[in-house]
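Chain by chain, the residues:
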Amino acid sequence: MKNNNILKVAIGTVLLLLIPFIAMQFSKEVNWSPFDFCVAGLLLFGTGLTYMLVSRRSSNTTFRFAVGLSVMASLMLIWINLAVGIIGSENNPINLMYGGVLLVGIIGGIISRLHARGLSLTLFSMAVAQMFVPIIGLVFWKSNTSFDEAPGILGIFALNAFFSVLFAGAGFLFRQSSSMGAKQNEQLIEQHF
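Residues numbered from 1 in each chain as written. Predicted model: local features only at pLDDT ≥ 70, side-chain atom pairs only at ≥ 80, totals over all residues. Heavy atoms only, no water.

Peer 1: Help me understand the overall build of the protein chain in this model?
Peer 2: Counting secondary structure elements, the protein chain contains 6 helices and 0 strands. Listing the helices and strands of the protein chain from first to last along the sequence gives α-α-α-α-α-α. Seen through its principal axes, the protein chain has C-alpha atoms that stretch 65 × 45 × 20 Å. In the protein chain, which comprises 193 residues, the proportion classed as buried is 37%. Residue pairs at least 24 apart in sequence account for 69% of intrachain contacts in the protein chain once pairs closer than 6 positions are excluded. Of the charged side chains in the protein chain, 11 are positive and 7 negative; the average position of the first set lies 17 Å away from that of the second. (Helix = DSSP H or I, 4+ residues; strand = E, 2+ residues; numbered from the N terminus. Buried < 20%, exposed > 50% of the residue type's maximum accessible area, 1.4 Å probe, protein only. Contact = heavy atoms within 4.5 Å. Lys, Arg positive; Asp, Glu negative; His and termini not counted. Charge placed at Lys NZ, Arg CZ, Asp CG, Glu CD.)

This is how it looks when you write it as structure tokens:
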């Protein structure tokens, strides 16, 4: 990766972190600690860097959009869990299972060597894993009152469905990108023979 791409990601991260920093000057509602800024900076920089590294594997716009959708959905999943939690509060151990969803993505990306067809299967697997988290939480932590807290059990399943749709949408885009690449390869072969 070129140094100027890393610099662009770093500048984008700093600009995004300026938003809460400026908001803190005008409102008591926004109260970030230095640790919050460090974690947010690492998440934003890591997300931008991941997008740059993976999206450069293809000039296909659909592939790049799929990469963007999947890394943004992953960032939002982490951010929400760290900020307020999805099931109960951010301190609820059930929320740690969402790390498994991200682990499915990391392992799938490694196994597929970041090829569109493999990433498609990986994102579909992440969508399924996302929906299993609240189900497992309900089955194994029945006595946990976290499902009774806001947003309630329906809200928890709706939020998980939202993330599943994002991951599945990225999976469909990767599948489309893969089939588009296959058609382009067929056309090149026909041109040469």
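Peer 1: Mind showing me how you'd approach unusual backbone geometry here?
Peer 2: Excluding glycine, residues mostly carry a negative phi; peptide bonds, for their part, are mostly trans. A positive phi angle, close to 55°, is found at Arg113, a residue other than glycine. The phi torsion at Leu114 lies on the positive side, around 60°, for a residue other than glycine. Residue placement: Leu114 occurs in the loop between α4 (98-112) and α5 (116-140).

Peer 1: It is not clear to me how the layout of surface pockets should be interpreted in this structure. Could you clarify?
Peer 2: The gaps of empty space that remain are located by a probe, the size of a water molecule, rolled over the atoms. For the largest pocket, the calculated volume is near 520 Å³. Lining the largest pocket are 22 residues, with Thr50, Val71, Ser74, Gly105 and Ile106 positioned closest to its centre. Secondary-structure elements contributing two or more residues to the lining of the largest pocket are α2 (34-55), α3 (61-83), α4 and α5. A total of 6 residues in the lining of the largest pocket trace back to one element, the largest contributor, which is α3. In terms of residue class, the lining of the largest pocket is made up of 14 nonpolar, 8 polar and no charged. (1 Å grid on protein atoms, 1.4 Å probe; cavity = no way out; pocket = protein on both sides within 12 Å on 5 of 7 lines; lining within 4 Å. Points joined across faces, edges and corners; volume = space filled by probe spheres on them. Nonpolar A, V, L, I, M, F, W, Y, C, P; charged D, E, K, R; others polar.)

Peer 1: Could you clarify how one ought to interpret the side chain of Asn60 in this entry?
Peer 2: Following the sequence through the fold, Asn60 ends up in the loop between α2 and α3. Looking at Asn60, its side chain comes within polar contact range of the main-chain nitrogen of Thr62, at 2.7 Å. Within the structure, Asn60 has its side chain in polar contact with the backbone nitrogen of Phe63 (distance 3.2 Å). (Polar contact = N/O pair within 3.5 Å; in protein donor to acceptor, adjacent residues only side chain to side chain.)

Peer 1: I keep staring at the nonpolar core and nothing clicks. Help me out?
Peer 2: For soluble globular proteins, nonpolar side chains are generally found buried alongside one another. Among the nonpolar cores identified, the biggest contains 29 residues, and Phe63, Leu77, Ile87, Tyr98, Val101, Phe167 and Phe174 are the most heavily contacted of them. Elements that contribute at least two residues to this core include exactly α3, α4, α5 and α6 (152-192). Of the residues forming this core, the biggest block, 8 residues, is contributed by α5. Not counting chain neighbours up to four residues away, the residues in contact with Leu77 comprise Ile86, Tyr98, Val101, Leu102, Gln130, Phe163 and Phe167. Residues Leu17, Phe37, Leu43 and Leu75 belong to the second largest nonpolar core, which totals 6 residues. (Core = buried A, V, L, I, M, F, W, Y, C linked by side-chain atoms within 4.5 Å.)

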